Amino acid sequence: MKTDRTEPGPDAYLSADHAGFRKHVRDLLHGVVSPHADEWESAHRIARDGWLALGESGLLSLEHDGADFLRSAIFLEELGRLGYGGIRASVAVHAYMAVSYLHLFGTQEQQERYLPAARQGQLIAALALTEDTAGSDLRRLSTRATPVDGGGYRLTGEKLYVANGSQADFLITLATTRETQDNGGLAGASLLAVDVNASGVSSTPEPMLGWHSADICRVRFTDVAVPADRLVGRRDKALLHLVRALDFERLVAGLLAVGGVRHCLGLLKDFVREHQVKGAPLGTHQAVRHRIADLESSYDLVRHYGYRAAWLHSQGRLDTHTASVLKLQATELAVTAAQTCLQFHGARGYAADAAAARLYRDAMAGPIAAGASELLRDLVYETA
Ligand SMILES: Cc1cc2nc3c(=O)[nH]c(=O)nc-3n(C[C@H](O)[C@H](O)[C@H](O)COP(=O)(O)OP(=O)(O)OC[C@H]3O[C@@H](n4cnc5c(N)ncnc54)[C@H](O)[C@@H]3O)c2cc1C
């Protein structure tokens, strides 16, 4: 019996209500994002109106935990299925990865200051952790937030590859707060919420191979005055917070990639059904069919694992192993799928403005951003 797997229905983790919710999300995304996606790619950012429309649609207000997180999982998968890596990264960094630090560790005052406006798309969030010498190994960070007499910090340093970097209204960042000269790695680091209109914050676009709409920037902090009440979580204890938040980030990145694979396979299958080689559609050749069958098989496995991971998170039981396996497998599958999609499109897929070329460029960022595959393999090995 053939089932329509492009319209995933209820399964072990999803109810019939979730199917209705999926349709609702898909309709909203097709109304609010799809008509503008190419324009945002060219502009290298989501338009401010787009953020407001996303906020108004309710798509930036979905739950981060509990049973309703499965709705977020559906949203993230559907966002991935739009086929624009930059848009999905930008939205997910804003609505999940950056604000998760406030959800998890923020004070009530911080949550009231930032979250309602972020959910409405009125304030845009970014997450600024990475530095030139501190990517996979955040212990080597050199951004410093020096405590000042009377409370607060003076923040100085430079962060790289910050999505939403030029249009963010606030950033969650990581800096050394330990007062000794030796920065002590993450043992002496803290998380801070920084308003970008503070004097001394500046950003410069850092154009990337793909993820064009993600507004990737270099962000500089030059002697920025950060009030004491912008410390997020416990001072000098960022490591404790990062362990939890980074697992959530990997879950989100994995679910986005699952959706991205589905989009890519859809494009590929439509093409091989139509495109003729040697007087027959490309998809009639066994070499092509078997390659796609392998990708479809891997997609099924990863998608199910993704929902298992989402369900574990909804139960408060997401672990580093599960989050790492999902992010590793989903983003690497997205690369293989995108490479195959481009290959079977031939030269027309390699044209700079081809959808297949965009999917390939975008997919290549997946195994680097939010934790390089090699780091995740280390974590999987250590936790297996
Ligand atoms: C498109 C994009 C968007 C991003 N957005 C953000 C953002 O919004 N905010 C933010 O803070 N950061 C962001 N990043 C940065 C991202 O988190 C880092 O790129 C990532 O953590 C890896 O760090 P790195 O690039 O410095 O690589 P490095 O840590 O220097 O590693 C280089 C390479 O070495 C290999 N490697 C790493 N660890 C190991 C290991 N243990 N064993 C063997 N090989 C290893 C990997 O192949 C890795 O790619 C973004 C990156 C990209 C590409």
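Residue positions are given per chain, counting from 1 as you read along its sequence in written order. The predicted nature of this model means local features are confined to residues of pLDDT at least 70 and side-chain atom pairs, given and counted, to a pLDDT of 80 or more, with totals for whole chains, interfaces and linings taken over all residues. Remark: hydrogens and water are excluded; side-chain values derive from all non-hydrogen atoms of the structure.

Please explain helix H7 (residues 108–119) as it appears in this structure.
Side chains that are three or four residues apart share a direction in an α-helix, a result of its 3.6 residues per turn. Secondary structure elements are taken from DSSP: a helix is a run of H or I of four residues or more, a strand is a run of E of two residues or more, and numbering for both begins at the N terminus. Multiplying one less than the number of residues by 1.5 Å gives the expected span of a helix. In this model H7 runs 16 Å from its N-terminal to its C-terminal C-alpha over twelve residues, within 8% of the 16 Å that 1.5 Å per residue would give. Buried means the residue's accessible area, taken with a 1.4 Å probe over protein chains only, is under 20% of the maximum for its type, while exposed means over 50%, and partly exposed covers the values in between. Those residues of H7 that sit buried are Gln-110, Tyr-114, Leu-115, Ala-117 and Ala-118. Contacts from the buried residues of H7 go to helix H5 (85–98), helix H6 (100–105), strand S4 (170–176), strand S5 (189–195) and strand S8 (231–232). At the C-terminal side of H7, Gly-121 shows a positive phi close to 75°. Whether two residues are in contact is decided by their heavy atoms, any of which lying within 4.5 Å being enough.

I keep staring at the domain arrangement of the chain and nothing clicks. Help me out?
Accessible area lost during the coming together of the parts is what is often quoted as the interface size. Bear in mind that the domain bounds are from an automatic or database domain assignment. Per the domain assignment, the segments of the chain are domain 1 (16–119), domain 2 (125–236) and domain 3 (240–383). The C-alpha centroid of domain 2 is placed 23 Å from the C-alpha centroid of domain 1. Listed by partner, the interface residues are 25 residues for domain 1 and 24 residues for domain 2. Taken together, both faces of the contact between domain 1 and domain 2 bury some 2200 Å²; the carbon and sulfur share is 55%. Summed over both partners, the accessible surface that disappears when two parts come together, traced with a 1.4 Å probe, is what is meant by buried area. Looking at the side of domain 1 facing domain 2, the largest losses of area belong to His-44, Tyr-101 and Tyr-114, adding up to 27% of the total buried there. Whenever a carboxyl oxygen of Asp or Glu lies within 4 Å of a side-chain nitrogen of Lys or Arg, that contact is scored as a salt bridge. The tally of links from domain 1 across to domain 2 stands at one salt bridge. For Asp-169, the salt bridge is made with Arg-48, and the minimal N-O distance between the two is 2.6 Å.

Honestly, the site of the ligand in this entry has me stumped. Any pointers?
The cutoff for a nearby residue is simple: one of its non-hydrogen atoms must lie within 4 Å of the molecule or strand. The environment of the ligand is made up of 19 residues, and the closest members are Leu-127, Thr-130, Ser-136, Tyr-161 and Glu-374. Each polar contact in these results corresponds to two N or O atoms within 3.5 Å; when the atoms are within protein, one needs to be able to donate a hydrogen and the other to accept it, and residues that are neighboring in sequence are counted only if both atoms are side-chain atoms. In the model, a nitrogen atom of the ligand is placed 2.7 Å from a nitrogen or oxygen of the Leu-127 main chain. At 2.8 Å, a side-chain N or O of Asp-378 approaches a nitrogen atom of the ligand. Only strand S1 (125–128), strand S3 (153–162) and helix H13 (373–383) provide two or more residues apiece to the shell around the ligand. In this count, Pro and Cys sit with the nonpolar residues alongside Ala, Val, Leu, Ile, Met, Phe, Trp and Tyr, while Asp, Glu, Lys and Arg are called charged and the others, Gly among them, polar. Here the shell around the ligand is built from residues that sort into 14 nonpolar, three polar and two charged. Taken together, domain 2 (125–236) and domain 3 (240–383) each give at least three residues to the shell around the ligand, which thus spans both.

Hey, could you run me through the packing of helix H4 (residues 69–81) against H5 in this one?
Helix-helix packing: each pair is described by the crossing angle between the helix axes and the interaxial distance. Only the stretch in contact is used when fitting a helix axis, every axis being a line fitted to C-alpha atoms; angles between N-to-C directions are given from 0 to 180 degrees. Running from N to C, H4 and H5 cross one another at 160°; their axes reach a closest spacing of 10 Å. Taken together, the axes of H4 and H5 lie roughly antiparallel to each other. Here H4 and H5 pass one another in a crossing that is right-handed. Residue-level contacts link Ser-72, Phe-75, Leu-76, Leu-79 and Gly-80 of H4 to Arg-88, Val-91, Ala-92 and Tyr-96 of H5. Considering only residue class, the contact of H4 with H5 consists of six nonpolar, two polar and one charged. We call two directions roughly parallel when the angle between them is under 35 degrees, roughly antiparallel when it is over 145, roughly perpendicular when it lies between 65 and 115, and oblique otherwise. The crossing is said to be left-handed when, going from far helix to near helix, the turn is anticlockwise and less than a right angle, and right-handed when the turn is clockwise.

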